[in-house]
Amino acid sequence: MGTTAAMVLEFVAVLALLATSATAQYNSGTATFYGGQDGSGTMGGACGYDNLYNQGYGVLNAALSQVLFNDGASCGQCYSITCDTTRSAWCKPGYSVTVTATNLCPPNYAINGWCNPPRPHFDMSQPAWEQIGVYRAGIIPVLYRRVPCARQGGVRLTITGFNYFQLVLVTNVAASGSVQSMAVKGANTGWIAMTRNWGALWQCSSALVGQGLSFMVTSTGGQTVYMNNIVPAWWTFGMTFTSNVQFYR
């Protein structure tokens, strides 16, 4: 298939994704906020993204309740959220905000907490929450739905770990926003399946130091991309590599 034809098909796929998102049904949930007026208290978190500014996610983020977090499989997903004006007078009518899932709001069974199963709840950054709710309310009913994530540039991989254990953080994932599966290939190996360690971190227990690395990543939208030879043989732990590929579903 020629480059032009491939670009046309990709464009059509993006339009289809956007159209599906636009007609997707809203679900009911609740939302609170944390992290301070500048959102700095939301850095780090259960997805492993650490500094959200450096990773390109900024402060429009949220910690998901356990039922939404899905053991980390939802890390990086995007949600459009609006305050439910039919259930609260503390809404800012006509406003919505899109947030990225970057953290877990853990359940608190001692007090029947808002993030306990089976409640769909968003503990949003304060800057994001105040776009749709009045500060004094503290908690509001919301309507939410998954939407495609918009990202600038290619998917990024950060490698940590030690000689016989590689831990790879996947960031800047567009479209579905989250990763379903991964594999790594060293210059001297075949494809090795990776497993989710926690959040957006994937692991591999192999001796890959000193080898150039390629990665195969499948999004939760079902698209697989190959990042061939993205990591040179001289890589060291702590380095980040930006690919020239991105997801459109």
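Preceding block: the structure.
These figures come from a predicted structure and were not determined experimentally.

Caption draft 1: Up close: empty space enclosed by the protein. Under the counting rule described, the total for this entry stands at two cavities of 30 Å³ or more. Lining the largest cavity are Tyr49, Gly72, Cys75, Val170, Val173, Gly177, Ser178, Val179, Arg196, Gly199, Ala200 and Trp202. Taken together, the residues of the lining of the largest cavity break down into seven nonpolar, four polar and one charged. Computed from the structure, the second largest cavity encloses a volume of approximately 30 Å³. Residue lining of the second largest cavity: Ile159, Gln166, Val168, Val184, Met194, Cys204, Leu208, Leu213 and Phe215, and that is the complete set. Of all the secondary-structure elements, those providing two or more residues to the lining of the second largest cavity are strand S8 (165–171) and strand S12 (213–219). Along the lines of polarity and charge, the residues of the lining of the second largest cavity split into eight nonpolar, one polar and no charged.

Caption draft 2: Quick look at the nonpolar core. Membership of the largest hydrophobic core comes to 30 residues, with the highest contact counts inside it found for Tyr49, Tyr79, Ile81, Val99, Phe122, Met124 and Ile132. Ranked by size, the runner-up nonpolar core spans 24 residues in total, among them Val173, Cys204, Val217 and Phe247.

Caption draft 3: Just the state of the cysteines, in detail. Counted under the stated rule, the structure contains four disulfides. Two residues share a disulfide in this structure: Cys83 and Cys91, whose sulfurs sit 2.0 Å from each other. Across the S-S bond linking Cys83 and Cys91, the dihedral sits near -60°, which makes this disulfide left-handed. Exposure class is identical for Cys83 and Cys91. Each is buried. One disulfide in the model links Cys105 with Cys115; its S-S distance is 1.9 Å. The sign of the 90° torsion about the S-S bond sets the Cys105-Cys115 disulfide as right-handed.

The rules behind each value
Residues numbered from 1 in each chain as written. Predicted model: local features only at pLDDT ≥ 70, side-chain atom pairs only at ≥ 80, totals over all residues. Heavy atoms only, no water. 1 Å grid on protein atoms, 1.4 Å probe; cavity = no way out; pocket = protein on both sides within 12 Å on 5 of 7 lines; lining within 4 Å. Points joined across faces, edges and corners; volume = space filled by probe spheres on them. Nonpolar A, V, L, I, M, F, W, Y, C, P; charged D, E, K, R; others polar. Helix = DSSP H or I, 4+ residues; strand = E, 2+ residues; numbered from the N terminus. Core = buried A, V, L, I, M, F, W, Y, C linked by side-chain atoms within 4.5 Å. Buried < 20%, exposed > 50% of the residue type's maximum accessible area, 1.4 Å probe, protein only. Disulfide = S-S within 2.5 Å.

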